[in-house]
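Breakdown of the fold
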Amino acid sequence: MSAAYPALRLRRTRASVWSRRLHAETVLTPADLIWPLFISEGQGIEDPIASLPGVSRWSVDNIVARAKEARDLGIACIALFPNTPAHLRTDRGEEALNPDNLMCRAIRALKDAVPEVGVLTDVALDPYTAHGHDGLLDEGGYVLNDQTAEVLVGQALNQAAAGADIIAPSDMMDGRVGLIRDALEGGGRHNVQIMSYAAKYASGFYGPFRDAVGSRGLLKGDKKTYQMDSANAEEALREVALDLAEGADSVMVKPGLPYLDIILRVKSEFQVPVFAYQVSGEYAMIEAAVAVGAAERDAVVLETLMAFKRAGCSGVLTYHALHAARLLAG
């Protein structure tokens, strides 16, 4: 039998800072953070993104400098997303297979300069296609699953050869995780991880990201034939089960805060490493609230990140990673 008031006063353990820390059920550290970074061509480039205040595109040399900041603050991993020049974007996204493309040059520079920081790379064709979709299109504009998956295998191998530590397929094509895993194993790259975007929803929260990678004005139609319907939860569990069976080491739910219920259900059902992507629209909403005095940045950033951990996340991709790490270090 549990004690009753006044013998039991739950406020006792909240009465002091040290006691609240001692009784905390969930812990957030810089090692729980993955910092998404956008890569730009050039040298010495810092190109601010208007719809993502405080976030910039960086040239490869400056990406290396950011990775050193991450290392010094204890951030475990960074995620890379290229802003491919317009003249290299084609209907079939061939630049994704170029071993000297922007992504691969950044990977090599990072592994040479900061090998102790993990490098996660996005596998999808939308940064490389002229139409802004994640895959190849048929004559009617429908994204072709199996043909796209073949290209994604080549893209994944290209990034792994450059030194990527984690391959993260974000395209939502059926079967691509198994194909990528088989290719990595066949190529002797046994320790390259796959973090599958297993439950990626067709969301209205992605707009600023499309600005950052230069695909917003290119997208023809929408991505609802391959990204998930926000109404569906059971389907997310089926997606996760399939990707784990095909060889994913970890899975991701995207977006983040609107899908905390999915994170909790995935963690409870499968007991595997689950990550969330606190996406560009979520970040922009926080910054907009801060700008008009409706929220205090430090408190809101840490509270939202703690929510992901409490729901069962092993880690979080967040544009607030550097800021959060500084707060946690302090």
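Residues numbered from 1 in each chain as written. Predicted model: local features only at pLDDT ≥ 70, side-chain atom pairs only at ≥ 80, totals over all residues. Heavy atoms only, no water.

The protein is annotated in an unreviewed UniProt entry as Delta-aminolevulinic acid dehydratase of Sphingomonas aliaeris. The UniProt entry for the protein carries this comment under Pathway (unreviewed entry): "Porphyrin-containing compound metabolism; protoporphyrin-IX biosynthesis; coproporphyrinogen-III from 5-aminolevulinate: step 1/4." (UniProt positions renumbered as here; feature names shortened; annotations may be inferred.)

1. A look at the overall build of the protein
Within the protein one finds 11 helices and 10 strands. In terms of C-alpha radius of gyration, the protein reaches 20 Å, essentially the compact-globule figure of 20 Å for 330 residues. Across its three principal axes, the protein shows a C-alpha extent of roughly 70 × 45 × 40 Å. With 330 residues in all, the protein has 51% of them scored as buried. Partitioning the contacts of the protein with sequence separation of at least 6, the portion at a separation of at least 24 is 74%. For the protein, the exposed area adds up to about 14,600 Å²; of that, 53% sits on carbon and sulfur atoms. When the 32 basic and 42 acidic side-chain charges of the protein are each reduced to a single mean position, those positions are 9 Å apart. (Helix = DSSP H or I, 4+ residues; strand = E, 2+ residues; numbered from the N terminus. Rg over C-alpha atoms; globule rule 2.2 N^0.38 Å. Buried < 20%, exposed > 50% of the residue type's maximum accessible area, 1.4 Å probe, protein only. Contact = heavy atoms within 4.5 Å. Areas by Shrake-Rupley, 256 points an atom, 1.4 Å probe, with all protein chains shown as cover. Lys, Arg positive; Asp, Glu negative; His and termini not counted. Charge placed at Lys NZ, Arg CZ, Asp CG, Glu CD.)

2. Let's talk about the pattern of salt bridges
In this structure the tally under the stated criterion is 17 salt bridges. For the salt bridge of Asp47 with Arg57, the shortest nitrogen-to-oxygen distance reads 2.7 Å. Highlighted residues: Asp47 in strand β2 (residues 46-48) and Arg57 in strand β3 (residues 56-59), separated in sequence by 10 residues. Among the salt bridges present, the one from Lys223 reaches Asp134, with a minimum N-O distance of 2.6 Å. With Lys223 in the loop between α6 (207-212) and α7 (234-246) and Asp134 in the loop between β5 (118-123) and α4 (145-162), the pair connects residues that are 89 residues apart, well separated along the chain. Accessibility classification places Lys223 together with Asp134 in one group, the buried group. Among the charged side chains, a salt-bridge network with shared partners connects Asp126, Asp134, Lys200 and Lys223. (Salt bridge = Lys/Arg side-chain N within 4 Å of Asp/Glu carboxyl O.)

3. Brief notes about the packing of aromatic side chains
What the rule picks out here adds up to 8 aromatic pairs. Here Tyr277 and Tyr319 contribute two aromatic rings whose centre-to-centre distance is 6.0 Å and whose plane-to-plane angle is 45°, an arrangement assigned as tilted. Here Tyr277, found in strand β9 (residues 274-278), pairs with Tyr319, found in the loop between β10 (315-318) and α11 (321-329); they are 42 residues apart in sequence, far enough to count as distant. For the pair Tyr277 and Tyr319, one class covers both residues: buried. Put simply, the rings of Phe38, Phe81, Phe209, Tyr277, Tyr283 and Tyr319 pair up and form one aromatic cluster. Directly above the aromatic system of Tyr206 lies the positively charged group of Lys200, at a separation of 5.9 Å from the ring centroid. Looking at Lys254, its charged tip hangs above the ring of Tyr206, at a distance of 5.0 Å from the centre. (Phe/Tyr/Trp six-rings, centres within 6.5 Å; stacked < 30°, edge-to-face > 60°. Lys NZ or Arg CZ within 6 Å of the ring centre and 35° of its normal.)

4. Section: a positive patch on the surface
A grouping of Arg9, Arg11, Arg12 and Arg14 is seen on the molecular surface, where their side chains present a positively charged patch. With respect to the helices, strands and loops of the structure, Arg12 is situated in the segment before α1 (17-22). (Patch = residues over 30% accessible without salt bridge, like charges linked within 9 Å, V, L, I, M, F, W, Y side chains within 5 Å.)

5. Quick notes on the environment of Asp261
Structurally, Asp261 is set in helix α8 (residues 260-270). With a relative accessible area of 43%, Asp261 lands in the partly exposed category. In the structure, Asp261 is positioned 28 residues away from Ala233 in sequence and 8.5 Å away in space, judged by C-alpha atoms.

6. A few points about the layout of surface pockets
Estimates place the volume of the largest pocket at around 310 Å³. In terms of lining, the largest pocket is formed by 19 residues, of which the most central are Trp35, Gly54, Val55, Tyr319 and Leu322. Of all elements in the fold, only β1 (33-40), β3, α2 (60-73), α9 (280-291) and α11 reach the threshold of two or more residues within the lining of the largest pocket. Sorting elements by how many residues they give to the lining of the largest pocket places β1 first, with 4 residues. The residue inventory of the lining of the largest pocket, partitioned by class, reads 9 nonpolar, 4 polar and 6 charged. Taken as a whole, the second largest pocket holds about 230 Å³ of empty space. (1 Å grid on protein atoms, 1.4 Å probe; cavity = no way out; pocket = protein on both sides within 12 Å on 5 of 7 lines; lining within 4 Å. Points joined across faces, edges and corners; volume = space filled by probe spheres on them. Nonpolar A, V, L, I, M, F, W, Y, C, P; charged D, E, K, R; others polar.)

7. Some remarks on the UniProt feature "active site" (unreviewed entry) in the protein
The feature "active site" (unreviewed entry), as annotated in UniProt, sits at Lys200 and Lys254 in this numbering. On the basis of their most widely separated C-alpha atoms, the annotated residues across 55 residues gather in one place, lying no more than 4.8 Å apart. When the annotated set is filtered for residues lining the largest cavity, what remains is Lys200 and Lys254. With respect to the secondary-structure elements, Lys200 resides in strand β7 (residues 193-200). When sequence neighbours within four positions are dropped, the list of residues in contact with Lys200 reads Asp134, Ser170, Met172, Tyr206, Gln227, Met228 and Lys254. Engagement of the side chain of Lys200 in a polar contact is seen with the backbone oxygen of Ser170, the distance being 2.9 Å. Mapped onto the secondary structure, Lys254 falls in strand β8 (residues 250-254). Sequence-distant contacts of Lys254, defined by excluding residues within four places in its chain, comprise Tyr197, Ala199, Lys200, Tyr201, Tyr206, Tyr277 and Val279. (Polar contact = N/O pair within 3.5 Å; in protein donor to acceptor, adjacent residues only side chain to side chain.)

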